[in-house]
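Remarks on the overall topology
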Amino acid sequence: MTHDTTLLNRERNFFTDGETLWLFGYGSLIWKAEFPFHELRPAHIEGWARRFWQGSHDHRGTPAAPGRVATLVESPGAICQGMAYRIDAETLGPLDVREKNGYLRERVMLHFHDGSHAEGLIYLAGEHNAAFLGDAPLDAMARQIATAQGPSGLNCDYLLKLAAALEDLGAQDAHVFALVERVKEIKKRATKK
Ligand code: BEZ
């Protein structure tokens, strides 16, 4: 199931032409920043929680067996930690293509560790996009992540790399770390069989 958001994102130019802008990464962008940037800074956003609720039919799964990757859900009081990149607007073009399966550019306020803040962008896969899977019991999500794979690799590698990057940042994320524990148990049990 795909929902190609490339063209929609091209219209979502929220920032002044010729000026750099902040992009906040909360998923693979934290550990896989294969794009040019001027500066990177650990940051957080408020009122959003990271959740493995977005289906991946093109990167970490297939249409027949989708994986689960991160999106953000509105959650009053929550804090989501990640990495902010100061980029040229043109850099968004290839990212729109890479993250085309349901993710739309949205504006958010980014908070930096020194107490300063700036408006920036996130890629958000909202609940109405065709690839959205939503919530499920932890065990079911972990089983899906433990078994799915796609053109970009194993779904569990995405989860483990994200967890390692969050640990490096000293970031808390109960949802991500609970999934990691469960996926590791499932994998361990599978190798004993
Ligand atoms: C992120 O890391 O912020 C991200 C990566 C892929 C799609 C959407 C967001």
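Here, every reference points to the structure presented above.
Predicted model, so just to flag it, every value in this text is computed and none were measured.

The subject of this paragraph is the overall build of the protein chain. Counting its secondary structure elements, the protein chain contains six helices and seven strands. Element order for the protein chain, N to C, with α for helix and β for strand: α-β-α-β-β-α-β-β-α-β-β-α-α. Relative to the 2.2 N^0.38 estimate, which gives 16 Å for 193 residues, the radius of gyration of the protein chain is 16 Å and therefore close to what a compact globule would have. By its C-alpha atoms, the protein chain is 55 × 35 × 30 Å across when sized along the principal axes. For the protein chain, the residues scored as buried account for 47% of the 193 residues in total. In the protein chain, the proportion of contacts linking residues at least 24 apart, taken out of those at least 6 apart, comes to 74%. Where the 22 positive side-chain charges of the protein chain centre and where its 25 negative ones centre are 10 Å apart.

Here we take up the side chain of T91. Following the sequence through the fold, T91 ends up in the loop between β3 (67-87) and α3 (92-98). Look past the residues within four positions of T91 in its chain and what remains in contact with it is F35 and P36.

A word on the environment of D157. Along the chain, D157 turns up in helix α5 (residues 155-169). On the basis of relative accessible area, D157 is assigned to the partly exposed category, the value being 30%. Measuring from C-alpha to C-alpha, the distance between D157 and R60 comes to 9.1 Å, with 97 residues separating the pair along the chain.

Within the largest apolar cluster, 53 residues are counted, with the highest numbers of intra-cluster contacts made by I45 and F52. Broken down by element, this core gets its largest block of residues, 10 residues, from β3. Residues within four places of F52 in sequence aside, it is in contact with R68, V69, A70, M141, I145, Y158, L159, L162, H175, V176 and L179.

Their axes nearest at 9 Å, the elements helix α4 (residues 138-147) and helix α6 (residues 174-192) cross at an angle of 65°. Of the two elements, α4 crosses α6, and the hand of that crossing is right-handed. Along the contact surface, α4 presents L138, D139, M141, A142, R143, I145 and A146, while α6 presents H175, A178, L179, R182, V183, I186 and K187. Here the residues of the contact of α4 with α6 are counted per class, giving nine nonpolar, one polar and four charged.

Taken in spatial order, the five strands of this closed barrel run β1-β3-β2-β4-β5, and their pairing is mixed. Between one strand axis and the next, the sheet turns by 45° as a mean value, whatever way the strands run. Taken together, the eight bridges between strand β4 (residues 104-112) and strand β5 (residues 117-124) define a ladder with antiparallel strand orientation. Looking across to β5, one finds that E106 is bridged to I122. Packing of α4 onto the sheet brings it into contact with β2 (39-56) and β3, and relative to β3 it is tilted by some 35°.

Structurally, E119 can be placed in strand β5. You can call E119 partly exposed: its relative accessible area is 41%. Sequence separation between E119 and R107 is 12 residues; the distance between their C-alpha atoms is 6.8 Å.

Our next topic: α5. Each full turn of the α-helix corresponds to 3.6 residues, which orients residues three or four apart in the same direction. Across its 15 residues, α5 extends 22 Å between first and last C-alpha, which sits within 8% of the 21 Å expected from 1.5 Å per residue. Turning to α5, its buried residues are N155, C156, Y158, L159, L162, A163, A165 and L166. Just downstream of α5, G170 is the residue with a positive phi angle, here 70°.

Conventions and cut-offs
- Residues numbered from 1 in each chain as written.
- Predicted model: local features only at pLDDT ≥ 70, side-chain atom pairs only at ≥ 80, totals over all residues.
- Heavy atoms only, no water.
- Helix = DSSP H or I, 4+ residues; strand = E, 2+ residues; numbered from the N terminus.
- Rg over C-alpha atoms; globule rule 2.2 N^0.38 Å.
- Buried < 20%, exposed > 50% of the residue type's maximum accessible area, 1.4 Å probe, protein only.
- Contact = heavy atoms within 4.5 Å.
- Lys, Arg positive; Asp, Glu negative; His and termini not counted.
- Charge placed at Lys NZ, Arg CZ, Asp CG, Glu CD.
- Core = buried A, V, L, I, M, F, W, Y, C linked by side-chain atoms within 4.5 Å.
- Axes fitted to C-alpha atoms, helices over the stretch in contact; angles between N-to-C directions.
- Left-handed = near helix turned anticlockwise from the far one by under 90°.
- Nonpolar A, V, L, I, M, F, W, Y, C, P; charged D, E, K, R; others polar.
- Pairing = 2+ DSSP bridges.
- Expected span 1.5 Å × (residues − 1).

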